[in-house]
Amino acid sequence: MAIHIQMSEETERELKKASLRNKLSALLSCILFILLGGGILILVVYNVVATEPASFVSYKPKAKPNAKTTRKQPSEENAIQEEASASDPTTPVIVSTSPTAVSMPIATSIADMGEGLSADIGLGEGFGAGDLGEGLGGGGDGLGSKDGGGSTLEGTFYDLKLKSNGAPSGLKGGAENQNAVIEALSKFFRNWSEQELNKYYKSETKLYASSWYLPVAQAKYGPIAFEVGDPKKPEDKWECKPSAWLAVYRGRVIAPKSGKFRFIGTGDDFFAVRFDGKTVLDAGYRLPTRWDKSNPKAAWVSGHGDGENFRKDIASGKDKKRKEYKFIKGIPGCKIWDDELGGLIAGNVFKVEEGEAYDIEIAISEIPGGKFGFVLFIEDVTDGANNNGKKYDLFRTCDTNPDVAKVMQALKDANCFVQENHIPFNEDSWVWESVPMD
């Protein structure tokens, strides 16, 4: 006969409990597995699949065939970025289909025996460059703009008549005091030591310029531009009087191409350029770089000083510091310099490598007061100096040119305008983009 085994009620309850525990354990294991798998998947997507963020590197201009600027045609990706930025200018847009480095621009004279330049013969006009924004940006009207950024050099104004604390330094403006001022300037220009200038008063306002091209103007435009002089007040109430002042622009620029170059220019009263640690151009009506206490007139290189001997020393090669200097005459708008200085000066030649950055300093000084102005060109002499009657390249650090109308209006607004004149220049000059100093 068959044997029937029947569980007790207590045993049946225990089996049901065990079955429930097993089901809950299995469900919990599934949930934990799903969470763990999801976490692993997220890590994989984040660290492996996701595109590496684009890194930014400083812009280094390259030579461009059939053009002499560093501006480039936008690529398809750049065009997309520009379109997106135009729709929402506050939102930066980066388009990338693969890990890549995105290249973008860094947003990093002494008067002639008193009055200096004749009022009836101009020096040219212009300033630095246009408004900030397009291309590499630029400097502002006159001696520069207060707006930093763009591709510019930073300018600082020094008043040699005042100590750093604002007390009188003992130096004074005027033709009768110019030798003392020239001697003081000569100490700075021995090695362009900023420490030498720190003992003098300097303006809180900095100006940013991208080219150096100014018409004949009143010397008081210097203090006005740097906001240490107010055209609405008498000059004896100004923080800094319009004489015995120096403006120095400092920065680093990238060579747009490899080769040999030289600066060409001059200024009233004094204009100088130091490139890669060497003074490569010094010119004007008075040259503190030629100061000789035993023969003060050696620094006066205008028609009223030692200009004739200076020109002879340059022509014969006797002046060893300026062995490659040349005088260039006949440039339209430069008759005053032709007559009194023998022309613009072409400085010593220097070599550069494309894409390399070089220190540069540009100095402008007014000594007795009166009138002042300046111009700075640069010439490629890699294959020899032969301009063939063409316009000279304006030295510039941005890809816009001087706005003549704006600078003329700025001079008129400051009551510093003398007369309108024009020195022609090549409007497609190379761009020596500025970068932050180390």
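This structure is a prediction, so every number in the text was calculated from the model and none was measured. (Residues numbered from 1 in each chain as written. Predicted model: local features only at pLDDT ≥ 70, side-chain atom pairs only at ≥ 80, totals over all residues. Heavy atoms only, no water.)

Colleague: So what's going on with the overall build of the protein chain? Residues and values would help.
Modeller: Per the secondary structure count, the protein chain includes eight helices and 17 strands. Split into buried and exposed, the 438 residues of the protein chain put 48% on the buried side. A total accessible area of about 22,100 Å² is found for the protein chain, and carbon and sulfur atoms account for 52% of it. (Helix = DSSP H or I, 4+ residues; strand = E, 2+ residues; numbered from the N terminus. Buried < 20%, exposed > 50% of the residue type's maximum accessible area, 1.4 Å probe, protein only. Areas by Shrake-Rupley, 256 points an atom, 1.4 Å probe, with all protein chains shown as cover.)

Colleague: Describe in detail the pairing of strand E14 (residues 357–366), supporting the description with residues and values.
Modeller: On a regular strand, one side chain projects to one face of the sheet and the next to the other, so that they alternate. Most of E14 is tucked away, with eight of its 10 residues classed as buried. Alignment of strand E7 (residues 245–254) against E14, held across 10 bridges, turns out to be antiparallel. From the neighbouring strand, Arg252 faces E14, where its bridge partner is Asp359. Here strand E9 (residues 270–275) runs beside E14; their pairing, made up of six bridges, is antiparallel. The partner of Phe275 across the bridge, within E14, is Ile360. (Pairing = 2+ DSSP bridges.)

Colleague: Describe in detail the layout of surface pockets, supporting the description with residues and values.
Modeller: If you roll a probe as big as a water molecule over the atoms, it shows you where there is empty space left. In this structure, the second largest pocket occupies an estimated 490 Å³ of space. Around the second largest pocket, the lining is made up of 22 residues, and of these Lys278, Thr279, Val280, Lys321 and Asn348 lie nearest the centre. Elements supplying a minimum of two residues to the lining of the second largest pocket: helix H3 (178–189), strand E10 (278–284) and strand E13 (350–352). Of the residues contributing to the lining of the second largest pocket, the split by class is eight nonpolar, four polar and 10 charged. (1 Å grid on protein atoms, 1.4 Å probe; cavity = no way out; pocket = protein on both sides within 12 Å on 5 of 7 lines; lining within 4 Å. Points joined across faces, edges and corners; volume = space filled by probe spheres on them. Nonpolar A, V, L, I, M, F, W, Y, C, P; charged D, E, K, R; others polar.)

Colleague: Explain empty space enclosed by the protein to me, and be specific about the residues and the numbers.
Modeller: Here the largest cavity defines a volume of roughly 40 Å³. Taken together, Thr266, Ala283, Gly284, Leu287, Val301, Phe310, Phe327, Leu341, Gly343 and Ile345 form the lining of the largest cavity. Of the residues contributing to the lining of the largest cavity, the split by class is seven nonpolar, three polar and no charged.

Colleague: Residue-level account of the nonpolar core, with values.
Modeller: Grouped together as the largest cluster of nonpolar side chains are 78 residues, with contacts concentrated most on Trp212 and Phe263. If you look at the next biggest cluster of nonpolar residues, it comprises 17 residues, including Phe377, Tyr392, Leu394 and Phe425. (Core = buried A, V, L, I, M, F, W, Y, C linked by side-chain atoms within 4.5 Å.)

Colleague: Tell me what's going on with the pairing of E7, and back it up with residues and numbers.
Modeller: The element E7 is largely enclosed, with a buried count of 10 among its 10 residues. Burial along E7 is two-sided: Trp245, Ala247, Tyr249, Gly251 and Val253 and Leu246, Val248, Arg250, Arg252 and Ile254, pointing in opposite directions, are all buried. Pairing geometry for strand E3 (residues 153–163) and E7, over six bridges, is antiparallel. Across the sheet, residue Gly155 finds its bridge partner in E7, namely Tyr249. Looking at chain direction, E7 and strand E17 (residues 434–435) are connected through two bridges and run antiparallel. Counted as the bridge partner of Val253 is Ser434 from E17.

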